[in-house]
Amino acid sequence: MASEKMGKVTNGLRLAFALSSVAFLLTMALSPLRDLLLEWKHYKREYVRFAESRPDTKRLLADYNSGIDQIWLPRLNATERCVTCHQGIDQQSLIDSSVPEPFRAHLFIPHRVKEWGCVVCHRGQGLATTVKEAHLATLTWEQSQLPISYIQGSCGVCHGAEMPEAPRLSKGREVLADLYCVGCHKLQGMTRPVMLGPDLTNVGNKTSKEWIFKWLKEPRTVSDANGNASVNGYETEPEPRMPQFRFNDAEIRSLALFLGQQKAQPIEAYRFDTRIAAAWEKRPEVVDQGEVRFKQMFCSTCHSLAVVRAGETQLIGGNIGPELTKVASKVNSDWLIYWLRDPQAYLPHSLMPRYGWTDEDLYKVVQYIMNRLTDQDLFSNVPKLGTAQSSEIQLGKKLFQERGCSSCHVISGIKMLEDFGPDLSSEGAKTVSQLEFGSAKIEHNLIPFLDAKMADSFSVNPNARMPQYHFKEEDLPALTTALLGMTGPQSIPGIGTLVIPIPKKEYQPAGDYGKAYERYKCYVCHRFNGFGGTLAPDLSIEGSRAPRRWIADFLKNPQTLRPMLIFRMPQFNITDQEVDVLAGYIKMVLQSAQVDEHATSLQQFPASQTTMGKQLYEVKYQCQSCHTIGSSGGYVGPNLSNAGNWLNVAWIEEWLKNPQALVPDAIEPRRDLTQEEIQALTAYLVTLKQGSQAKQAGAAQGGGK
Amino acid sequence: MRAFSAVMTLLVALSFLPGCRQHHSLTTEAKPLDSAYGTEADWNNPQRLIPLNYQQVQGQRVFYHECVWCHADSTPAGPSNRTNLTPSPALANDGATLNGLNNDYLQNVISLGGSAMSKSAMMPPWGRTLRQDEIKAVIAFIRQIAQPVYQGSSSAGPKYSER
């Protein structure tokens, strides 16, 4: 009975069973319906509708399929589905900004989308199929898409070499290198330079402990909104290498006392010729004369001075050497004279050339520096430091080692610290979960994190050891961009290792020339066979350009050829013997294979050719729009008034054929000149002479100019 | 029973939810310059930054190497060569003069020089120094910085589509 009752199917049960089956079927049916409503399908359908509204529908829909599109990038070992929605990405007719996203074509870039995909540059999640997950960092994914303004960071992942196409990346790398971030951090593709901050082994002989106190406390002058100095620091540089450390006054005191004791080698006071000192001691104009000499020597090519103009403080001068506005408050005159006579004796890695001073010039320039480049109020808020207790010296030494000073500065007996800060060589590949945001009120993402860390690391981590840098406003995004490009070892096979080049002096000539080259630090400004600075012209083929006599005259008395240049070659007072060595080497060795001086004999061009050349110069090609001859003409190219003495005949001819073949970044455009025109222009240019030879040439040419 | 069907209904309703999500959730709070590859300060108002795309940034680079000396009033080196020249070259952002010239014309005058286009011979030809795509990029750059703003020339110019 019981079993019968159990097996009995009541109508109620039937109904329940039927209903649940219907509900189940309905659910099953809803699943494809839901599938139909997926986000990417919406864009698929939209695209078809959009393509049908365009005249080239057929082409736009040629590759269309209704499923998920993905591209496989075997070289990058990646698959991505971005093209599922961005269906017009490769269609040239959809490049216009009126085309709605996500269908717009990609603007022209050197990488084709089909070969490189999207994620390698834009980041984000290539496999995601919803808008949010593909572009943003959500809970399930870790990398968000880069804003376009930071996308140059992705260029940096593969392109380690200089990259003019990505100016912000290049700028960021430049700042990273300039500020010696490698002192504390490992950075992808950057090597630690030999000298970071100055060697402090002997700093006690150079400056006072009061100055060190001031420098550590208030390194920079800070101006308020009205342009008045609210902090009267030592330096005025907008972006100094030395940051502000977070020391308290007791710590600064200890460090200043410790550093003030570093006097490894005594500085011997230089004895001027007694006649000079006697003659100039009581004459106030010596200071003005020193200033004139300072300017004539073009110290400002490397050093800047702060000048107040119209209420605003401006720095005038270069940034290879330190800013000098208040230098006399820092150094003592014995040290200054010692330094100026032989910088490398104090600091072997210094970039400062060793000038050939006359006693009189040295005396005057030192008088100028010590009397004018000083600030009486600089130490007004520095306490009297008095004598040091040994416990303070010990504390100073400990701080020096523990707070990262020894990452950049050498003191004999203290080991230099490498990798004091975190390794940043793959910082750009970090995912959100790898970042410590602390209590910082910023968006939880890599870019705001990097920005906040560099602008003020305390805002992210109150125990940060990183000192306070004062980056220029426009440099901060550039720095972040450069760090985004640091994603660890090269991950894309076949691209090879590219290294960020840092100007090096690997071109190291030997012999007498090598000595002079090293003494005058030619490579700090000039480039030789790919090594050296970029401030001044590349001299790799200078011997082909100019005759030896001109080179020798220029070395003795450098005069600028380009009126627009602010920075000029300093006057080094090179000795005649050194001039001979330098000019001889440049003439013999620094030659271009393209310029054959012997192929063009120093023929006397006929007067008719000279006249035609002058016509071409002045009327047909109007070269005067960029070049000056005498007192009229343009500023863009060099002054040609002395072209006949300055340039070799063969050089002029080669140059006129194709300027960029000789100097790749020359501004002068290449023109279609006939051989006859080239000869005529050359004939005219060689008659342009200044100085003693001008008259002779004029007589020989029957008045060429 | 009633509870069972309620659960089913709820499940069905829930399954719709993902599909109902907003499709354009990416209209972010982003600042306009976030989507710019680079920027150029408006020459008439240095506070205002003009967004530049990749091509325009390449044009900007070429412009500041080759063109700026005569087509701007201040240059990276300081003084401008513009005042030395008669007739005075157009400022690169001078929309009143340049907006009326179509891209083909500008491409030609830059490539072939002033004398080939019956203009001043002081404008040299750049066609053998710069690549055609570099010249197109320069045009794209000066279009973007033009004041008054460039609205597109009447005749369609060459599109930046070749490699």
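Throughout this document, residue positions are counted from 1 along each chain, in the order its sequence is written. Each chain is given a letter, starting from A, and each ligand a number, starting from 1, according to the order in which they appear as written. The model is predicted, so local features are restricted to residues of pLDDT at least 70 and side-chain atom pairs to those at 80 or more, both for listing and for counting; the totals for chains, interfaces and linings are taken over all residues.

It is worth spelling out the overall build of chain B at this point. Counting its secondary structure elements, chain B contains five helices and two strands. Across chain B, helices and strands are ordered from the amino to the carboxyl terminus as α-β-β-α-α-α-α. Around each residue's C-beta, the other C-beta atoms within 10 Å are counted; 20 or more make the residue buried, 12 or fewer make it exposed, and counts in between make it partly exposed. All C-beta atoms are placed from the backbone. Within chain B, the proportion of its 163 residues that are buried is 34%. Across chain B, the fraction of contacts at a sequence separation of at least 24, relative to all contacts at a separation of at least 6, is 50%. We count a stretch as a helix when DSSP gives it H or I for four or more residues in a row; a strand needs E for two or more, and each element gets its number in order from the N terminus. In this description, any two residues whose backbone-derived C-beta atoms lie within 7 Å of each other are considered to be in contact.

A few words on the overall build of chain A. When you go through chain A residue by residue, the secondary structure sums to 33 helices and ten strands. A radius of gyration in this sense is built from C-alpha atoms; the matching globule rule multiplies 2.2 Å by the number of residues raised to 0.38. The C-alpha atoms of chain A give 35 Å as radius of gyration, which overshoots the globular expectation for 705 residues (27 Å, by more than 25%). By its C-alpha atoms, chain A is 140 × 85 × 50 Å across when sized along the principal axes. If you take every contact in chain A between residues at least 6 apart in sequence, the share linking residues at least 24 apart comes to 65%.

Residue and element names in this part refer to chain A. For every residue, the pLDDT score states the predictor's confidence, bounded by 0 at the bottom and 100 at the top. Here chain A shows a mean pLDDT of 86. Residues at 70 or above account for 93%. pLDDT under 50 marks residues 496-503. Its contacts with residues more than four places away, or in other chains, come to 17 contacts. Considering only residues more than four positions removed or in separate chains, one finds that residues 693-705, a stretch of pLDDT under 50, has 17 contacts.

The next point concerns the packing of helix H28 (residues 607-620) of chain A against helix H32 (residues 675-686) of chain A. All names here are of chain A. Helix axes are fitted only over the stretch in contact, all axes being lines through C-alpha atoms; the angle between N-to-C directions runs from 0 to 180 degrees. Remark: H28 packs on H32, axes separated minimally by 7 Å, with the N-to-C direction vectors making an angle of 95 degrees. The orientation of H28 with respect to H32, classified from their angle, is roughly perpendicular. Of H32, the residues touching H28 (which contributes Gln609, Thr610, Met612, Gly613, Lys614, Leu616 and Tyr617) are Glu677, Gln679, Ala680, Leu681, Ala683 and Tyr684. Throughout this description, any angle smaller than 35 degrees is read as roughly parallel, any larger than 145 degrees as roughly antiparallel, any in the 65 to 115 degree range as roughly perpendicular, and the remainder as oblique.

Throughout, the edges of the domains are those of an automatic or database domain assignment. By the assigned domains, chain A splits into domain 1 (2-33), domain 2 (39-145), domain 3 (158-185 + 423-484), domain 4 (203-372), domain 5 (511-589) and domain 6 (607-701). Taking only C-alpha atoms into account, the centre of domain 1 of chain A sits 46 Å from that of domain 2 of chain A.

Moving on: the pairing of strand E5 (residues 304-309) of chain A. Relative to strand E6 (residues 312-317) of chain A, E5(A) runs antiparallel, the two being bridged by six bridges. Of the residues in E6(A), the one forming a bridge with Arg309(A) is Glu312(A). Strand pairing is defined by DSSP finding a minimum of two bridges between the two strands.

Further remarks concern the packing of helix H30 (residues 649-657) of chain A against H32(A). Residue and element names in this part refer to chain A. Viewed as axis vectors pointing N to C, H30 and H32 meet at an angle of 135 degrees, and their least axial separation amounts to 10 Å. Overall, the two elements H30 and H32 adopt an arrangement that is oblique. Judged by the sense of rotation from one axis to the other, the crossing of H30 with H32 is right-handed. Note on element contacts: H32 touches H30 through Ile678, Leu681, Thr682, Leu685 and Val686, opposite Val649, Ile652, Glu653, Leu656 and Lys657. Note on residue classes: Ala, Val, Leu, Ile, Met, Phe, Trp, Tyr, Cys and Pro are nonpolar, Asp, Glu, Lys and Arg are charged, and everything else, Gly too, is polar. Its residues assigned to classes, the contact of H30 with H32 shows seven nonpolar, one polar and two charged. The handedness criterion is simple: a crossing whose near helix is rotated anticlockwise from the far helix by less than a right angle is left-handed, and one whose near helix is rotated clockwise is right-handed.

What follows deals with the nonpolar core. Note on definitions: a nonpolar core is a set of buried residues drawn from Ala, Val, Leu, Ile, Met, Phe, Trp, Tyr and Cys, linked by C-beta atoms within 7 Å. Counting residues in hydrophobic clusters, the biggest one holds 101 residues, and the most contacted among them are Leu685(A), Val138(B), Phe141(B) and Ile142(B). For Ile142(B), the residues in contact, after removing those within four places along its chain, are Ala92(B), Asn93(B) and Leu98(B). Of all hydrophobic cores here, the second largest spans 18 residues; its members include Phe213(A), Trp215(A), Leu378(A) and Cys405(A).

Now for H28(A). Its 14 residues give H28(A) an end-to-end C-alpha distance of 19 Å, which sits within 8% of 20 Å, the value for a rise of 1.5 Å per residue. Of the positions making up H28(A), those classed as buried are Thr610(A), Met612(A), Gly613(A), Lys614(A) and Tyr617(A). The length a helix should cover is 1.5 Å for every residue beyond the first.

Right, let's get into helix H9 (residues 167-178) of chain A. Residue and element names in this part refer to chain A. Look at H9: 16 Å from first C-alpha to last across twelve residues, which is about the 16 Å you get at 1.5 Å a residue. Among all positions of H9, only Arg168, Leu169, Ser170, Gly172, Arg173 and Leu176 are buried. Just downstream of H9 lies Tyr180, where phi reads positive at about 55 degrees.

A separate point is the environment of Gly318(A). All names here are of chain A. As for its position among the elements, Gly318 is in the loop between E6 and helix H15 (333-341). Of the residues examined, Gly318 has 17 C-beta atoms within 10 Å and is grouped as partly exposed. Linking Gly318 and Ser300, residues 18 residues apart in sequence, is a C-alpha distance of 5.9 Å. With residues up to four places along the chain from it excluded, the contact list for Gly318 reads Ser300, Thr301, Cys302, His303, Ser304 and Phe567.

Turning next to unusual backbone geometry. Glycine aside, the phi torsion of most residues is negative, and most peptide linkages are trans. Here the bond from Thr86(B) into Pro87(B) is cis, since omega is -5 degrees, no more than 30 degrees from zero. Summarising the element assignment, Pro87(B) is placed in the loop between helix H2 (54-71) and helix H3 (95-98).

In this section: the confidence of the model for chain B. Residue and element names in this part refer to chain B. Per-residue pLDDT for chain B averages 80, and the proportion of residues at 70 or more is 74%. This stretch, residues 15-29, has a pLDDT under 50; its non-local contacts, to residues over four places away or in other chains, come to 13 contacts. Segment residues 154-163 is flagged for pLDDT under 50; beyond a separation of four residues in sequence, or across chains, it makes 16 contacts in the model. Across the interfaces of the predicted complex, the ipTM metric reaches 0.83, alongside a pTM of 0.84.

What follows deals with the environment of Leu255(A). Residues and elements named next belong to chain A. Tracing the sequence through the fold places Leu255 in helix H12 (residues 249-260). Look at Leu255 and you get buried, because 27 C-beta atoms sit within 10 Å. Sequence separation between Leu255 and Pro167 is 88 residues; the distance between their C-alpha atoms is 40 Å. When near neighbours in sequence (up to four residues on either side) are disregarded, Leu255 contacts Leu216, Phe247, Gly396, Leu399 and Phe400.

Moving on to the pairing of strand E1 (residues 38-42) of chain B. Residues and elements named next belong to chain B. As paired elements, E1 and strand E2 (residues 45-52) share five bridges and run antiparallel to each other. Counterpart to Glu40 in the pairing with E2 is Ile50. Between the end of E1 and the start of E2, which pair antiparallel, lie two residues.

Attention shifts here to the environment of Val194(A). Examined against the element boundaries, Val194(A) turns out to sit in the loop between H9 and helix H10 (203-206). Along the primary structure Val194(A) and His349(A) are separated by 155 residues, whereas in three dimensions their C-alpha atoms are 7.8 Å apart.

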